[in-house]
Amino acid sequence: MLAALIGLAALLASAAPALAQSPIGDSCPLVVPPGQRLLQPRRIQPDQVKAKNAMGCLSPADAVYGADGCPLRLCNPDAGVIQLPPP
């Protein structure tokens, strides 16, 4: 059973980059360096933009979106970081 799970994980890992590179719908301008296209936030539906932007940034890899659903810019490096009290 463990071997089957490892095999499935390897299959999914090898397929993920190919899926990520497939264009879906209209493309948006890059908000990441060209060499990091796999990290480009995905376009969302225009009717979801207001709610998504209202939620704020969940991580540095998250983005602020424009009215067309394209990411406008990545969130700041401290986005989503929870400051813990000192020990």
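Residues numbered from 1 in each chain as written. Predicted model: local features only at pLDDT ≥ 70, side-chain atom pairs only at ≥ 80, totals over all residues. Heavy atoms only, no water.

### Quick look at the overall build of the chain
Assigned secondary structure in the chain consists of two helices and two strands. Shown N-terminal to C-terminal, the secondary structure of the chain runs as helices and strands in the order α-α-β-β. Within the chain, the proportion of its 87 residues that are buried is 18%. Pairs at least 24 residues apart make up 21% of the contacts formed inside the chain by residues separated by at least 6 positions. Here the chain displays about 6,800 Å² of accessible surface, and carbon together with sulfur accounts for 66% of that area. (Helix = DSSP H or I, 4+ residues; strand = E, 2+ residues; numbered from the N terminus. Buried < 20%, exposed > 50% of the residue type's maximum accessible area, 1.4 Å probe, protein only. Contact = heavy atoms within 4.5 Å. Areas by Shrake-Rupley, 256 points an atom, 1.4 Å probe, with all protein chains shown as cover.)

### Brief notes about the state of the cysteines
Across all of its chains, the model carries two disulfides by this definition. Shown here is the disulfide that connects C28 with C70, its sulfur atoms set 2.0 Å apart. The chirality of the disulfide connecting C28 with C70 is left-handed, given an S-S dihedral of about -80°. One end of the pair, C28, is in the loop between α1 (2-21) and α2 (49-55); the other, C70, is in the loop between β1 (63-65) and β2 (71-74), with 42 residues separating them in the sequence. Given a relative accessible area of 18%, C28 falls into the buried group. (Disulfide = S-S within 2.5 Å.)

### Overview of the pairing of β2
Strand direction decides the pairing type here: β1 and β2, joined by three bridges, are antiparallel. Of the residues in β2, the one forming a bridge with Y65 is P71. Between β1 and the antiparallel strand that follows it, β2, lie five residues; G69 among them carries a positive phi value of about 95°. (Pairing = 2+ DSSP bridges.)

### What to know about the pattern of salt bridges
All told, the structure shown has one salt bridge when counted by the stated rule. Residue K52 pairs with D62 through a salt bridge whose shortest N-O separation is 2.8 Å. Placement of K52 in helix α2 and of D62 in the loop between α2 and β1 is noted, with a sequence separation of ten residues between them. Among the residues examined, D62 registers a relative accessible area of 11% and is labelled buried. (Salt bridge = Lys/Arg side-chain N within 4 Å of Asp/Glu carboxyl O.)

### What about the side chain of Q40?
Relative to the assigned elements, Q40 resides in the loop between α1 and α2. At 2.9 Å, the side chain of Q40 forms a polar contact with the backbone nitrogen of V31. With near-sequence residues (within four places) excluded, Q40 lies in contact with C28, P29, L30, V31, V32 and P71. (Polar contact = N/O pair within 3.5 Å; in protein donor to acceptor, adjacent residues only side chain to side chain.)

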